[in-house]
Amino acid sequence: MSSYKDLKDRIDNGEVVILDGAIGTELQAMGVPMHPASWCGPGNYTHPATVRQMHQRYIRAGADIITTNTFNTLRPALEASGYGELVREINVLAVDAALEARDRTPVERPVYIAGSISCRIPIRDGRTGTLLGGTGFGYGASLPAEELRAYVDEQADIMAESGIDFFLMENMWADNDSRVIAAEAAIATGLPVWVGFTASVAPDGQTVRMSFGDDRNAYSSGMGMPLWTSNWRSVDYEMTLTEGIRDVASLNPDAITVFHSRIDETTKALKATREEWSGPIALYPDAGRSDYLETWQDTSIINEETAEELTAEAATWVEMGAQVIGSCCGFGANYIEALHESLPAGTTSPKRHSPLP
């Protein structure tokens, strides 16, 4: 029987553990349609068996931690997709799928369940107040803080009640206020919380920032609306990753994660993270694909980086002090299998408790 205390003890002792890989794009490749406003979230209701099988793939591949398909299941996202009456159902089904996958997949190791929460929500039309579908990232700043907190409180309470082991906060983009709001809601449940950041390297080639960079800011709402409007909460686009971590560190999360960033950016982000954070660090980069939000994935498009390239860099991350390694959008179960083989049970991070040179 797995317990979060066991996972924490392993990490505190320097052990390296394997996180799962892409959730949305793996479901997309398995035939689950994506929705513009709620992406892979409705799949918990429309394709529950496939969601369970996706988790089983990762367990068989060697993942020690599997992540619930709840990245985009806050109420406003589901309402914009026509699932507003099924907020509780969809979130409960997501946790159930992970629990069932763990029960049905016999492996000789404990498997832990991380409950994903993000603030990727639809854009609010400033003229009508309507929540619309959008295809960009991290729209928590489009809502007043009190309204956003109410939505995250709702989801966090449902997931905690449903049986996750801990929360994996996956707020993207530079909106640190939304990140803190979401983390506070998760912490209020009494469960452990890991807080995530996305990262990119600024044009100076040195500064690691929390925004995506120009190549990933070319998203639009698809509804004739600008992405950034005057009624949004203010966002410090120039905030560095170390500054963002400093804000979040006051909440005492159990770990800091860097996710949905390219492999090379992840390495630089790890260095920046260690300058500000002495606790556990989890890394799970993405493939930088452009078809995340297409209804179906074109399986003829291959990733730029191979599984071997990921595992080679992962070995460097472990040497630098990272202890939880996985992957994100575009890097599926074959990448996790490669990580598991290259970082077998018992692998430790030699520099986990030492400063960088």
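Quick notes on the rules
- Residues numbered from 1 in each chain as written.
- Predicted model: local features only at pLDDT ≥ 70, side-chain atom pairs only at ≥ 80, totals over all residues.
- Heavy atoms only, no water.
- Patch = residues over 30% accessible without salt bridge, like charges linked within 9 Å, V, L, I, M, F, W, Y side chains within 5 Å.
- Areas by Shrake-Rupley, 256 points an atom, 1.4 Å probe, with all protein chains shown as cover.
- Salt bridge = Lys/Arg side-chain N within 4 Å of Asp/Glu carboxyl O.
- Lys, Arg positive; Asp, Glu negative; His and termini not counted.
- Charge placed at Lys NZ, Arg CZ, Asp CG, Glu CD.
- Helix = DSSP H or I, 4+ residues; strand = E, 2+ residues; numbered from the N terminus.
- Buried < 20%, exposed > 50% of the residue type's maximum accessible area, 1.4 Å probe, protein only.
- Pairing = 2+ DSSP bridges.
- Contact = heavy atoms within 4.5 Å.
- Axes fitted to C-alpha atoms, helices over the stretch in contact; angles between N-to-C directions.
- Parallel < 35°, antiparallel > 145°, perpendicular 65-115°, else oblique.
- Nonpolar A, V, L, I, M, F, W, Y, C, P; charged D, E, K, R; others polar.
- Left-handed = near helix turned anticlockwise from the far one by under 90°.

> I keep staring at a negative patch on the surface and nothing clicks. Help me out?
Residues D177, D236, E238, E243 and D247 make up a contiguous surface patch of negative charge. Along the chain, D247 falls in helix 9 (residues 241-249). A relative accessible area of 39% means that D247 is categorised as partly exposed.

> Quick question: what am I supposed to make of the sheet that holds strand 1 (residues 17-18) here?
In a beta sheet, neighbouring strands are held together by backbone hydrogen bonds and run either parallel or antiparallel to one another. The 8 strands lie next to each other as 1-12-11-10-7-6-3-2, forming an open sheet whose pairing is parallel. For this open sheet the edge positions go to strand 1 and strand 2 (65-67), each flanked by a neighbour on one side alone. Its contacts with the sheet place helix 10 (residues 263-276) against strand 10 (255-259) and strand 11 (281-284), and it is angled at close to 165° to strand 11.

> Quick question: what am I supposed to make of the packing of helix 10 against helix 11 (residues 307-320) here?
In helix packing, the relevant descriptors are the interaxial angle and the interaxial distance, both defined with respect to the helix axes. Axis separation between helix 10 and helix 11 bottoms out at 11 Å; the angle between their running directions is 5°. Between helix 10 and helix 11, the interaxial angle falls into the category roughly parallel. Where helix 10 abuts helix 11, its residues I263, T266, T267, L270, K271 and R274 lie against L310, E313, W317 and M320. Along the lines of polarity and charge, the residues of the contact of helix 10 with helix 11 split into 5 nonpolar, 2 polar and 3 charged.

> Looking at this structure, I do not really get the packing of helix 11 against helix 12 (residues 333-342). What am I missing?
As a packed pair, helix 11 and helix 12 sit with axes 9 Å apart at the nearest point and diverge in direction by 40°. One finds that helix 11 runs oblique with respect to helix 12. Along this stretch, helix 11 crosses helix 12, giving a crossing that reads as right-handed. Contact with helix 11, carried on its side by A307, L310, T311 and A314, involves N334, Y335, A338, L339 and S342 of helix 12 and no other residues of that element. Class assignment of the residues belonging to the contact of helix 11 with helix 12 gives a composition of 6 nonpolar, 3 polar and no charged.

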